[in-house]
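# Coordinate analysis (summary)
Given next are the chains, with one letter for each unit.
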Amino acid sequence: MDDAVLRLDNVSRTYGEGDTMVAALRGVSRDFAAGTFTAVMGPSGSGKSTLLHCASGLDRPSGGEVRLDGRALSGLSDDALTELRRESIGFVFQSFNLVPSLSAEQNVLLPLTLAGARPPVDLARQLLASIGLGGLGARMPAQLSGGQQQRVAIARALAARPAVLFGDEPTGALDSTTARTVLTLLRWMVDEHGQTTIMVTHDPVAAAHADEVILLADGRIVDVVTAPTAAVVAKRMAVLEAAAGAVA
Ligand SMILES: Nc1ncnc2c1ncn2[C@@H]1O[C@H](COP(=O)(O)OP(=O)(O)OP(=O)(O)O)[C@@H](O)[C@H]1O
């Protein structure tokens, strides 16, 4: 696919050696087209976090290749990889990871200021307004609800206009109503701004917001659900969980 922003080609990742070796990823290949929203699911230990880390340049695969905007990551030095991550990748985590002593606005701008850039003063205000937090920029994280804090974290991840936004259980710490607000926001970023987004989740309802769901089992992609509904995803997951339980 020519419009792939991110391409995984036969990516493998092993941990340890000899008898204790664990194959966390076993030859994963997948193209992620620009402007698409993908959810990654699978039983515990199936390789979701490893996939996210390898795809985002946080970890180096043991084999295969990851290409971001056509650039092979394996050839990059650690410094070049860090630079690429800073410029092209956004992260949102389950624990919002905001700096408690900085205001919402300062948190949003932090990655840019740390990178030595002088972001336009109204960038944070615009970003916060665009995600429904207009007027709250001066608040400290402790003065915001969980959902509001996660939206600040999303604004921060988007400040550098990343090629790909990665979410590691971004709604895992939120109640279902608040989670829906955050998922609607992610969906809106994809639809309105073409923000390519890849999210690991355990929640079929969250996964149903994506364009497709990749299902992992034992380090491999074993199923892909297009135009997912929560019911279909839950059913496929139940089959995989049962199989994983039978092996364990
Ligand atoms: N640093 C590590 N050292 C050794 N083994 C590891 C390491 N990290 C992950 N693994 C193993 O690799 C496999 C995949 O782990 P990974 O964390 O990617 O799974 P996951 O699907 O994200 O699991 P969960 O849903 O429980 O978070 C597991 O068997 C795990 O124990």
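Residues numbered from 1 in each chain as written. Predicted model: local features only at pLDDT ≥ 70, side-chain atom pairs only at ≥ 80, totals over all residues.

Looking at an unreviewed UniProt entry, the chain carries the name ABC transporter ATP-binding protein, with the source organism given as Actinokineospora guangxiensis.

This paragraph deals with the overall build of the chain. Within the chain, the secondary structure is distributed over 8 helices and 10 strands. For 248 residues, the compact-globule estimate of 2.2 N^0.38 gives 18 Å, and the C-alpha radius of gyration of the chain, at 18 Å, lies within 12% of that figure. Judged by the C-alpha coordinates and their principal axes, the chain covers about 50 × 40 × 35 Å. Across the 248 residues in the chain, those meeting the buried criterion constitute 40%. Long-range contacts, defined as pairs at least 24 residues apart, comprise 68% of the intrachain contacts of the chain with a sequence gap of at least 6. (Helix = DSSP H or I, 4+ residues; strand = E, 2+ residues; numbered from the N terminus. Rg over C-alpha atoms; globule rule 2.2 N^0.38 Å. Buried ≥ 20, exposed ≤ 12 C-beta atoms within 10 Å, placed from the backbone. Contact = placed C-beta atoms within 7 Å.)

Ordered by their spatial adjacency, 6 strands build an open sheet running β6-β7-β8-β3-β9-β10, and the pairing between neighbours is mixed. Edge positions in the sheet fall to β6 (89–93) and β10 (220–226), since each of these pairs with one other strand and no more. On average, each strand axis in the sheet is tilted by 20° relative to the strand beside it, whichever way the strands run. As defined by bridge partners, β6 adjoins strand β7 (residues 164–168) across 5 bridges and the pair is classed as parallel. Paired with G90 across the two strands is L165, which belongs to β7. (Pairing = 2+ DSSP bridges. Axes fitted to C-alpha atoms, helices over the stretch in contact; angles between N-to-C directions.)

Near the ligand the following residues occur: Y15, G16, V22, A24, G42, S44, G45, S46, G47, K48, S49 and T50. Every element with two or more residues in the shell around the ligand is listed here: β2 (22–33) and α1 (48–55). Considering every element that reaches the shell around the ligand, the biggest residue donor is α1, with 3 residues. Counted by class, the shell around the ligand contains 3 nonpolar, 8 polar and 1 charged residues. (Near = placed C-beta within 6 Å. Nonpolar A, V, L, I, M, F, W, Y, C, P; charged D, E, K, R; others polar.)

Moving on to the pairing of strand β4 (residues 63–68). Here strand β1 (residues 4–15) runs beside β4; their pairing, made up of 5 bridges, is antiparallel. Paired with R7 across the strands is R67, a residue of β4. Of the strand pairs in this sheet, β4 and strand β5 (residues 71–72) are connected by 2 bridges, and their pairing is antiparallel. Across the sheet, R67 pairs through a bridge with A72, a residue of β5. Taking the residues between adjacent antiparallel strands as the criterion, β4 and β5 are bridged by 2 residues, where D69 takes a positive phi near 50°.

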